[in-house]
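Residue strings, one per chain:
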Amino acid sequence: MAEPEDDGRTGRREAAPKDAAGRRTGNETPAEETTQLRIPPHTGLPAEETTQLRIPPRTDGPAEETTQLRVPPRTDGPAEETTQLRIPPRADVPDGTSDEEPPAAEEGTEQADRGANSRHRGSRRRPVQTSALAGRLAPLARRLKPQYPRPGRTGWRRWMPSWRQWLAAWGLAIGLSTSLLAIAYAATDIPKNLNTYATQQDNVYFWSDGTPMARTGWVQRQAMPLKDIPEQVRWAVLAAENESFYSDPGISLKGISRALVRTVGQGDTQGGSTITQQYVKNVYLTQNQTVTRKFTEAMISLKLDNRMSKDKILEGYLNTSWFGRGTYGLQRASQAYYGKDVSRLNASEGAFLASLLKGAGLYDPTLSQKNHDRAVERWSWILDRMVKIGKLSPAERAKYTKFPEPLKQGRVYDTGKQSDYLVELATQYAKKAGHISDKEFDLGGYQIYTTFDRKRETALTDSVTKARDKARKDDAGTAKTAHYGAASVAADGRILAVYGGPDHRTQGYNESNATTVPAGSAFLPFVYAAGLQHGVHKTRDSAATPVSPESLYDADDGVPVSTPEGPYWDRSGKKVAAHNDGNKSWGRISLRKALAESVNVPFMQLGMDTGLDKVRQTAEASGLLSSSLGPQVPALSLGSSTPSAIRMANSYATFAAGGSHTEPYSVRRITRNGSSVALKMPRPRRAVRPEVASQVTEALTDAFRGAHPTAAQSAPQAAGKAGTTQDDKAAWYVGTNRSVSTAIVLYRLDLTKSLEPLPLKGIAGTPDDDVPYGIWAGAMSPLG
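Conventions and cut-offs
Residues numbered from 1 in each chain as written. Predicted model: local features only at pLDDT ≥ 70, side-chain atom pairs only at ≥ 80, totals over all residues. Heavy atoms only, no water. Helix = DSSP H or I, 4+ residues; strand = E, 2+ residues; numbered from the N terminus. Buried < 20%, exposed > 50% of the residue type's maximum accessible area, 1.4 Å probe, protein only. Contact = heavy atoms within 4.5 Å. Areas by Shrake-Rupley, 256 points an atom, 1.4 Å probe, with all protein chains shown as cover. Pairing = 2+ DSSP bridges. Patch = residues over 30% accessible without salt bridge, like charges linked within 9 Å, V, L, I, M, F, W, Y side chains within 5 Å. Salt bridge = Lys/Arg side-chain N within 4 Å of Asp/Glu carboxyl O. Core = buried A, V, L, I, M, F, W, Y, C linked by side-chain atoms within 4.5 Å. Phe/Tyr/Trp six-rings, centres within 6.5 Å; stacked < 30°, edge-to-face > 60°. Lys NZ or Arg CZ within 6 Å of the ring centre and 35° of its normal. Axes fitted to C-alpha atoms, helices over the stretch in contact; angles between N-to-C directions. Left-handed = near helix turned anticlockwise from the far one by under 90°. Nonpolar A, V, L, I, M, F, W, Y, C, P; charged D, E, K, R; others polar. pLDDT = per-residue confidence, 0-100.

Quick question: what am I supposed to make of the overall build of the protein here?
What the protein contains, in helices and strands, is 25 helices and 24 strands. Looking at the 784 residues of the protein, the share that counts as buried comes to 45%. Counting contacts in the protein only where the partners sit at least 6 residues apart, residues at least 24 apart contribute 65% of the total. About 41100 Å² of surface is accessible on the protein, with carbon and sulfur atoms providing 53% of the total.

Before we go on, may I ask you to explain the sheet that holds strand β9 (residues 446–450) in this structure?
Two modes of strand pairing occur in sheets, parallel and antiparallel, and in both the strands are linked by backbone hydrogen bonds. Ordered by their spatial adjacency, five strands build an open sheet running β6-β5-β9-β17-β18, and the pairing between neighbours is mixed. Sheet topology places β6 (212–216) and β18 (675–676) at the edges, where each strand pairs with a single neighbour.

Even after reading the chapter, I still don't get a nonpolar patch on the surface, so can you show me in this structure?
Side chains of Trp156, Met160, Trp166, Trp170 and Ile174 sit close together on the surface and give an oily, nonpolar patch of about 610 Å² of accessible area. Positionally, tryptophan 156 belongs in the loop between α2 (132–144) and α3 (163–187). By relative accessible area, which is 55% here, tryptophan 156 ends up exposed.

Sorry if this is basic, but what is going on with the nonpolar core here?
For soluble globular proteins, the rule of thumb is that nonpolar side chains tend to be buried together. Grouped together as the largest cluster of nonpolar side chains are 79 residues, with contacts concentrated most on Phe523 and Met648. Those residues within four positions of phenylalanine 523 in sequence are excluded, and the remaining contacts are Val615, Ala619, Leu624, Leu629, Leu636, Ser637, Gly639 and Ser641. Judged by nonpolar contacts, the second largest core, of 49 residues, contains Ile229, Ile300, Phe352 and Trp379.

Any chance you could explain the packing of aromatic side chains here in plain terms?
Remark: the centre distance and the inter-plane angle together describe each pair of aromatic rings, the angle taken between the planes. Within this structure, the stated rule accounts for 19 aromatic pairs. For the pair phenylalanine 206 and tyrosine 449, a centre-to-centre distance of 4.5 Å together with 10 degrees between the ring planes defines the contact as stacked. Here tyrosine 449 lies in strand β9 and phenylalanine 206 lies in strand β5 (residues 203–206), a separation of 243 residues in the sequence. On the basis of relative accessibility, which here comes to 12%, the residue phenylalanine 206 falls in the buried class. With a relative accessible area of 15%, tyrosine 449 lands in the buried category. The structure contains a cluster of three or more aromatic residues connected by ring pairs, namely Tyr337, Tyr338, Phe352, Trp379 and Phe403. Across from the ring centre of phenylalanine 245, 4.7 Å away, lies the NZ or CZ of lysine 310, which sits over that ring. Its guanidinium or amino end placed over the ring of tryptophan 586, lysine 584 lies 3.9 Å from that ring's centre, counting from NZ or CZ.

Sorry, what's going on with the packing of helix α4 (residues 231–241) against helix α10 (residues 347–355) here?
Each pair of packed helices can be described by the angle between their axes along with the distance between the axes. One can describe the packing of α4 onto α10 by two numbers: an axis separation of 8 Å at closest approach and a directional angle of 35 degrees. Regarding α4 and α10, the two cross each other, and that crossing is right-handed. On α10, the residues touching Gln232, Val233, Ala236, Val237, Ala240 and Glu241 of α4 are Ala347, Gly350, Ala351 and Ala354. For the contact of α4 with α10, the class distribution of residues is seven nonpolar, two polar and one charged.

Help me understand the pattern of salt bridges, please; the structure alone is not making it clear to me.
Side chains that carry opposite charge are capable of pairing whenever their charged atoms lie near each other. One pass over the full model with this rule turns up 21 salt bridges. The closest approach of N and O atoms between aspartate 474 and lysine 470, which form a salt bridge, is 2.9 Å. A residue pair is termed a helical-turn pair when its members lie 3 or 4 positions apart in one helix, as aspartate 474 and lysine 470 do in helix α16 (residues 454–474) at four residues. A salt bridge links aspartate 702 to arginine 592, with the shortest nitrogen-to-oxygen separation between them at 2.7 Å. Here aspartate 702 is found in helix α23 (residues 690–707), whereas its partner arginine 592 is found in helix α19 (residues 591–596), with 110 residues between them in sequence. Under the relative-accessibility criterion, arginine 592 is labelled partly exposed at 26%.

I would appreciate a short explanation of the pairing of strand β17 (residues 667–672) in the present structure.
Residues in a regular strand project their side chains so that they alternate between the two faces of the sheet. Two elements, β9 and β17, share five bridges in a ladder whose sense is antiparallel. Note that in β17 the partner of glutamine 447 across the bridge is threonine 671. Where β17 lies against β18, two bridges are found, and the strand directions are antiparallel. In the strand pairing of β18, threonine 671 is matched with serine 676.

I tried to follow helix α9 (residues 330–338) on my own but got confused; where do I start?
Each α-helix winds once per 3.6 residues, and so residues spaced three or four apart point in a common direction. With eight of nine residues buried, α9 lies mostly within the body of the structure. When α9 is considered as a whole, its buried residues turn out to be Leu330, Gln331, Arg332, Ala333, Ser334, Ala336, Tyr337 and Tyr338. Each element contacted by the buried residues of α9 is listed here: α4, α8 (310–320), β7 (322–324), β8 (327–328), α10 and α11 (360–363). Looking one or two places after α9, you find glycine 339, whose phi comes out positive at around 65 degrees.

Help me understand the confidence of the model for the protein in this model?
Confidence along the protein averages 80 in pLDDT terms, with 73% of residues attaining 70 or more. The low-confidence segment residues 90–109 (pLDDT under 50) makes 18 contacts with residues lying over four places distant or belonging to another chain. This model gives residues 115–123 a pLDDT under 50, and the stretch forms four contacts once residues within four places in sequence are excluded.

What am I meant to see in the sheet that holds strand β22 (residues 740–748) here?
In space, the five strands of this open sheet follow the order β11-β10-β22-β21-β20, with antiparallel pairing throughout. Of all the strands in the sheet, the pair left with one neighbour each is β11 (495–499) and β20 (719–724). Ignoring which end each strand starts from, the neighbouring axes of this sheet average 10 degrees apart. As paired strands, strand β10 (residues 482–490) and β11 are joined by four bridges and run antiparallel to one another.

Even after reading the chapter, I still don't get α8, so can you show me in this structure?
Within α8, nine of the eleven residues are buried, leaving the element largely enclosed by the surrounding structure. For α8, the full list of buried residues reads Lys310, Ile313, Leu314, Glu315, Gly316, Tyr317, Leu318, Asn319 and Thr320.

Whenever I open this one, the environment of arginine 378 confuses me. Can you help?
Mapped onto the secondary structure, arginine 378 falls in helix α12 (residues 369–388). Here arginine 378 falls in the buried class, since its relative accessible area comes to 13%. Leaving out residues up to four positions away in the same chain, arginine 378 has contacts with Ala240, Glu241, Ser355, Lys358 and Tyr363.

It is not clear to me how the environment of lysine 340 should be interpreted in this structure. Could you clarify?
By the element assignment, lysine 340 lies in the loop between α9 and α10. In this structure lysine 340 comes out as buried when scored by relative accessible area, which is 17%. If near-sequence neighbours (up to four positions away) are discounted, lysine 340 is found in contact with Ser334, Gln335, Leu345 and Glu349.

What follows is the structure in structure tokens.
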């Protein structure tokens, strides 16, 4: 008899029935394996796993694997997982062969049948055949594949990639970046044409009638061969800008990265470019600070560094860089700052010029004391840097202890004696109104159409020159220190003519725009206009009482100035009193007559009654600059302010324009190479009411007719008055005719001794032969 089979649970085996051939009978049952995970009560013990082998009834189907999830009664325990394996009927096996180990042939047949049945049912797919390489890479792929949350990690680390994943990502990024850069490098070509930054042009100025007035700019660029530039000067530039120039590949990755971060992240830019990059920017690209431009700059720099020698690149850079004062190139800079060729520069001078490459507007020491301090500091740093890189010996460095002071601003305008002042005014206005930087303007190419009238400019210049020559003839000693300033301004703000001095090349500052001496009695119309515009207050905090041209005021000399509380006392404890010219007393007088006769006393009191703040407000609204107005004390009404001739003419023009004020301007249009440049032009605004402007003009007309009755017959529209000061340190005449106002100022100043004005000593003439009026009449001729 056959031995009983062990059933796997009791240690016994039961004989399986067989047929006559020794094969198992049809009622044998395959094993069913069940894995159960049982969770004991909360005892702290691990889960118990039990494996059971069950013999189900035979079926004809293939093996069926069923996974069941059974939940035990415990509410806090994990689910119980049961895996059941059901085996289909087997083929007959030969006698003596254990059913636990079927022959290989039968096993293969059984697998084939199972596969056929699977395909027939469509429940399984044949496994994909993989290559040996794929098999070796599969474990690596499984490791790199992100698993989130990551097993075996806690907190935020569950969501972080592994170091292998980081490494793969970085490798991929580097590979892609390298490929893109290689493609970009191959696709970038060095431009064949230099841009406008490499060739400076001149600026052309035109008269108001469109005819050329002047040309400015350093048009003749002097390119110097590198061999003619001293080696120490070259290395001063390299020490300051790019000491690794001869060894770098043409770009600075660190500098590019920093510039890109600041451009994209903060909206501004920062340096860090190599000299090759700066040269590329100067001659091939625009100055726009954009990511695209920086990338293109880097690609061209790499290519240029491979095609051009380092010496050629350095030579081009030194000949195209901007050094301020309208200069491009080291040769022009040497001439502008030291008055000599670059070949004669020493290391110290070269170090200063190298500092200008960081920003000429910040390091030109002649512009301000702060600039001077910055220039000295950077000059010293560059020399020390040259020692550090071995291009200057310590002994040579010890010789350069004194800063090489450059020349004062050289001659910028290649024009004429008087037109230089016009060019100066127009340039200042063009840059401001057109939002043009110094660097852009120095590149040239601008056409500036000014407001200057050629005929009026000639008449004004001739009139001042005639008066100056007469003064020298009468009293050469006094006339030597005489200064004349003049300006003509239209009612719409156009500056038509100015007289800035005898010659811009010997006297650089512009007399027409200087705020040097007080306006004196020429300021009285603003006090008059303020009273008419705002009224007066006789008691504190009371409502304003209107005044008219016929309102009467005490005009006796020496009348104390009063306030609602009583007399006005100065800091020394004295009553403040006003005085008329010649200490003349006029008694009660109307405001219109007081202005026509230039009587001071009524207007000092009118200013107090109106409010000095209102006087100041009216003067500013009419065109005077706040910075030129005097302190807010009673003397303000008598002209303690120091306006320029341009501003006085412009303010009187406000009254001629019916109380509408337009800021003075000297440029009406700008183009650059045929394209218009946007200008921020001034617009008129209301300063005083029209009736107030008319009343002021009527009083000024009375003043003109009373002082110059003969001229008034041929010029019925003329209006104006003289201006004198109590200390006789300035003489003015400001008047309007046919909507054009002209202001003339005459004073004495010895610049070799002091900035304090000197007494005129009769140089301004007499009431019958008033020099400022004579100049005014000559400039306005013909008056009819």
